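Below are the chains, spelled out letter by letter.
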Amino acid sequence: MLKVKIYSYSTYDNYTVKSCSKNVSNIVDKLIRLAAKITESYAGDIIYDIDEYLKCVDEGVQYSGFIAFRESGVCSKEYTDENAAILLQSGGGYIQYWHLTYNPEIEEGKLERISITKV
């Protein structure tokens, strides 16, 4: 299995959106804007990821996933090193990777741009 390193895209918060409550509309807004900006087709794929995320927020369930954008759509996977390696190796032409989380214990949602590289 390919070894990967996952790290923040920037040391500044300019690529991070946070919510300190169950109102994650700012995160959802950012996801929609990214999908519209980056993809040439199938931007609507982000709706399925948003729906899953909102369900976890409503039910108070922990969420941690990759959202990967490419010209021909959006891909999401559970946030694991193995899935990061799959995204990197797939040759899917991903342009941007983001880490989407929700922590029900502190009611915090976060969307952060990340980088994935081979080690």
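Not measured: the values here are computed from a predicted model.

1. Brief notes about the pattern of salt bridges
According to the stated counting rule, one finds two salt bridges in the structure shown. In this structure, the salt-bridge partner of Asp29 is Arg33, at a minimum N-O distance of 2.7 Å. Of this pair, Asp29 and Arg33 both sit in helix α1 (residues 25–38), separated by four residues, roughly a single helical turn. Between Lys110 and Glu112 there is a salt bridge, with its nearest N and O atoms 3.9 Å apart.

2. A look at the pairing of strand β6 (residues 108–118)
Examined bridge by bridge, strand β1 (residues 4–8) and β6 share five bridges and lie antiparallel to one another. If you follow Tyr7 over to β6, its bridge partner there is Ser115. With four bridges joining them, strand β2 (residues 16–19) and β6 adopt antiparallel strand pairing. Bridge pairing in β6 links Val17 to Leu111. Across seven bridges, strand β5 (residues 94–103) lies against β6 in antiparallel orientation. Counted as the bridge partner of Asn103 is Glu108 from β6. Taking the residues between adjacent antiparallel strands as the criterion, β5 and β6 are bridged by four residues, where Glu107 takes a positive phi near 45 degrees.

Calculation notes
- In this convention, every chain numbers its residues from 1, walking through the sequence in written order.
- Local features are withheld for residues below a pLDDT of 70 in this predicted model, meaning they are given only at 70 or higher, and side-chain atom pairs are given and counted only at 80 or more; totals for whole chains, interfaces and linings count all residues.
- As a rule here, side-chain values come from all non-hydrogen atoms in the structure, and water together with hydrogens is ignored.
- Each salt bridge in this description consists of a side-chain nitrogen of Lys or Arg and a carboxyl oxygen of Asp or Glu lying within 4 Å of one another.
- Each helix is a run of H or I in the DSSP string that is no shorter than four residues. Each strand is a run of E no shorter than two, and both are numbered from the N terminus.
- Pairs of strands are assigned from DSSP output, requiring at least two bridges between the strands.

Note that all results are geometric; they support no functional claim without further evidence.
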